[in-house]
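Read off the chains here:
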Amino acid sequence: MIRLENVSVYYTKDAPVLRNVSFTVEKGEAVGLIGANGAGKTTLMRALLGLLPHEGLITVDGTEVTPKTLPEIRRKMGFVLQNSDNQMFMPTVYEDMIFGPMNYGASREEADARVDAVLARLDLADLKHRHNHKLSGGEKRMAAIATVLAMEPEVLLMDEPTSALDPRNRRLIIRTIRELPETKLITSHDLDMIWDTCDRVIVLGRGSVAADGPAQEILQDRALLEANRLELPLRLAGPDGA
Amino acid sequence: MNRMDRSLLELREMDTLAAGDSPVHRLHALAKLLTTVAYIIVTVSFGKYQLDGLLIMVLWPALLFSLSGIPVGTCFRKLRFVLPLVMAVGLFNPFFDRAPLLTVGGLTVSGGVVSMITLMLKGLFCLAASFLLMATTSIDDLCAALRRLHLPSILVTLLLLTYRYVGVMTEELSVMTDAYHLRAPGQRGIRFAAWGSFLGQLLLRSMDRAEELYGSMQLRGFSGNFAYAEDRRFTGRDALWLILWTAAFVLCRLYNIPGLLGRLLTGGIR
Ligand SMILES: Nc1ncnc2c1ncn2[C@@H]1O[C@H](COP(=O)(O)OP(=O)(O)OP(=O)(O)O)[C@@H](O)[C@H]1O
Ligand SMILES: [Mg+2]
């Protein structure tokens, strides 16, 4: 579904932020993308969506990501941004949620039905008519996830979906992610969440792929994680990280 | 709450007003837009001494205020920065145009005074009409209406983004001023030496955010068409509203209705 071949991304000419990254994500797979702060996770997702220029080859569902194919590519992908403030731009949650579906040709009735279904699924019905700028940080995050789910994308890209969420909402999102059959690429520093939601994990270290394999294997490999400035998931590490 | 927060709230208040519900809100954006344009054209076209004819134009904004339930006070509060500018336009007329024009109760009024009041009223009426349009129509519906008039999508998108950008910038400004004052207690305003970096940061930050917001619009299929905005059809009611009001404006322009009424009354008394 997603294929990267020798992908490099530059913000400045001299040093690439991503260097020769290659991997493939199959249809229906749930892949965790982990790495220390500044490793390049967000950058990778932005390049995938054509928000940043890249070198090398990226294809989604067989179509190469180029400026020309962007509308087609973006139609398939839903992206939950790391910063929800930048995700929502309409006055109310409801208007934000119908924005995507209606741009892609859904009728108002269809869009309304999707909104209600997603809100019910995320237990957010009371946020529907709230104003975006009056939401709390976590409410905003839940609403942002809702806007993306309402688009019913084939591929879900989630940049730290559970940061800012309370334990109950975190659980809810984990459960929702597990239930969704779509292809998923998820970054997080919450490795327990990755453990619960992903079959496979890719470790990004300083802009290149440091490891790629089954989630449980990688998340238990203390040496590998520490070499990449990461730690074991809490459930394996115990309270003092030992 | 700092000053930026307050102006931000005011900006957002327009969104809130526009999201309200009333017979005026329910009209098609295109009908409202065109009626407003007609109103402004007719109002502006009154001659500089046609004060008596112009007076009747106050009825339209007055009617809209009462139909839409938008408080008149809110309008004046929001226009408080623009209003004086518009009012200042005619301020010098009384000095240049001293020829006596009419007498009211034994008092001679010069042409300059009349033209000054006429200009001020024109400005006031047009501002109130534009405000009412913005307060009863969401920016997205308005953009959709402009697209229907076949304005280039790039221009309309620019308008939409500018509107959003002002919001983003005020928001960043508010966050930054708070952050500054938390670490500079007791300072009033921002130290002059910090202005350069502060403004630079503000610009960069709001540009980044605006870019990311625009990216996020594109990711959800935005292409300069406002498919999501206006779903209402342009109904007979909308057409009627547009035609009747435009006709009424033109009639008011052609016939001096307050004058006619006045003559009728005084004629009756005589
Ligand atoms: N707009 C930019 N201009 C220049 N450099 C940037 C820009 N955005 C990010 N970088 C740099 O690129 C590198 C990767 O950033 P990125 O945001 O992808 O990290 P990340 O893995 O998402 O980190 P985090 O876990 O903190 O979210 C960082 O070193 C960062 O400093
Ligand atoms: Mg990131």
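Residues numbered from 1 in each chain as written. Chains lettered and ligands numbered in written order. Predicted model: local features only at pLDDT ≥ 70, side-chain atom pairs only at ≥ 80, totals over all residues. Heavy atoms only, no water.

Caption draft 1: The arrangement of helix 8 (residues 111-136) of chain B in detail. Under the 1.5 Å per step criterion, the end-to-end length of helix 8 of chain B is 37 Å for 26 residues, consistent within 8% with the ideal 38 Å. Burial analysis of helix 8 of chain B places 21 of its 26 residues in the buried class, the great majority of the element. (Helix = DSSP H or I, 4+ residues; strand = E, 2+ residues; numbered from the N terminus. Expected span 1.5 Å × (residues − 1). Buried < 20%, exposed > 50% of the residue type's maximum accessible area, 1.4 Å probe, protein only.)

Caption draft 2: Expanded view of helix 4 (residues 59-68) of chain B. All names here are of chain B. Among the residues of helix 4, W60, P61, L64, F65 and S68 are the ones counted as buried. Angular distribution of buried residues about the axis of helix 4 spans 135 degrees; they occupy a single face of the element. Seen from the open side of helix 4, the exposed residues pointing more than 90 degrees away from its buried face are L59 and S66. Against helix 2 (29-45), helix 5 (72-78), helix 8 and helix 12 (236-254) lie the buried residues of helix 4. Backbone geometry just downstream of helix 4 places G69 in the positive-phi region, at approximately 70 degrees. (Arc of directions from axis to C-beta. Contact = heavy atoms within 4.5 Å.)

Caption draft 3: The arrangement of a nonpolar patch on the surface in detail. All names here are of chain B. Residues V250, L251, L254, Y255 and L260 make up a contiguous nonpolar surface patch of roughly 490 Å² in combined accessible area. In terms of residue count, the dominant contributor to the nonpolar patch is helix 12 (three residues). Mapped onto the elements of the fold, Y255 is located in the loop between helix 12 and helix 13 (257-269). Under the relative-accessibility criterion, Y255 is labelled partly exposed at 49%. (Patch = residues over 30% accessible without salt bridge, like charges linked within 9 Å, V, L, I, M, F, W, Y side chains within 5 Å. Areas by Shrake-Rupley, 256 points an atom, 1.4 Å probe, with all protein chains shown as cover. Salt bridge = Lys/Arg side-chain N within 4 Å of Asp/Glu carboxyl O.)

Caption draft 4: Structural view of the coordination of the magnesium ion (ligand 2). Residue and element names in this part refer to chain A. T42 (OG1) and Q82 (OE1) make up the full set of protein donors to the magnesium ion (ligand 2), lying at 1.9 to 2.2 Å. With a gap of 40 residues between them, T42 in helix 1 (residues 41-48) and Q82 in the loop between strand 6 (77-80) and helix 3 (93-103) connect regions that are remote in the sequence. By relative accessible area, T42 is classed as partly exposed at 26%. For Q82, a relative accessible area of 37% translates into the label partly exposed. (Donors = N, O, S within 2.8 Å, 3.2 Å for Na, K, Ca; no water.)

Caption draft 5: Molecular detail of the packing of helix 9 (residues 139-148) of chain B against helix 10 (residues 153-182) of chain B. All names here are of chain B. Where helix 9 meets helix 10, the closest approach of the two axes is 9 Å, and the angle between their N-to-C directions is 165 degrees. Regarding the angle of helix 9 to helix 10, the classification is roughly antiparallel. Where helix 9 crosses over helix 10, the two elements pack in a sense that is right-handed. In this structure, helix 9 uses I139, D140, C143, L146 and R147 to contact helix 10, whose residues at the interface are S153, V156, L159, L160, Y163 and R164. The residue makeup of the contact of helix 9 with helix 10, split by class, is seven nonpolar, one polar and three charged. (Axes fitted to C-alpha atoms, helices over the stretch in contact; angles between N-to-C directions. Parallel < 35°, antiparallel > 145°, perpendicular 65-115°, else oblique. Left-handed = near helix turned anticlockwise from the far one by under 90°. Nonpolar A, V, L, I, M, F, W, Y, C, P; charged D, E, K, R; others polar.)

Caption draft 6: Main features of the site of ligand 1. Residues and elements named next belong to chain A. Taken together, 13 residues sit near ligand 1, with G38, K41, T42, T43 and H189 positioned nearest. Here an oxygen atom of ligand 1 sits 2.9 Å away from a polar atom, N or O, in the main chain of G40. Between T42 and ligand 1, the recorded distance is 2.6 Å, taken from a side-chain N or O atom to an oxygen atom. For ligand 1, whose accessible area on its own is 630 Å², the fraction buried by protein is 59%. The dominant element in the shell around ligand 1, judged by the number of residues it contributes, is helix 1, at three residues. Here the shell around ligand 1 is composed, by residue class, of four nonpolar, seven polar and two charged. (Near = heavy atom within 4 Å. Polar contact = N/O pair within 3.5 Å; in protein donor to acceptor, adjacent residues only side chain to side chain.)

Caption draft 7: Up close: the pairing of strand 10 (residues 208-214) of chain A. All names here are of chain A. As defined by bridge partners, strand 9 (residues 200-205) adjoins strand 10 across six bridges and the pair is classed as antiparallel. Following the sheet pairing, V203 is matched in strand 10 by A211. The hairpin turn running from strand 9 into strand 10, its antiparallel successor, is two residues long, and R206 in that turn takes a positive phi close to 45 degrees. (Pairing = 2+ DSSP bridges.)

Caption draft 8: Inspection of the sheet that holds strand 9 of chain A at higher detail. All names here are of chain A. An order of 6-7-8-3-9-10 is seen for the six strands of this open sheet, with the pairing classed as mixed. Each end of this open sheet is capped by a strand with a single partner; those strands are strand 6 and strand 10. Each adjacent strand pair in this sheet contributes to an overall mean axis angle of 15 degrees, direction not counted. With five bridges connecting them, strand 7 (residues 155-159) and strand 8 (residues 183-187) associate as parallel partners. The partner of L157 across the bridge, within strand 8, is L185.

Note that all results are geometric; they support no functional claim without further evidence.
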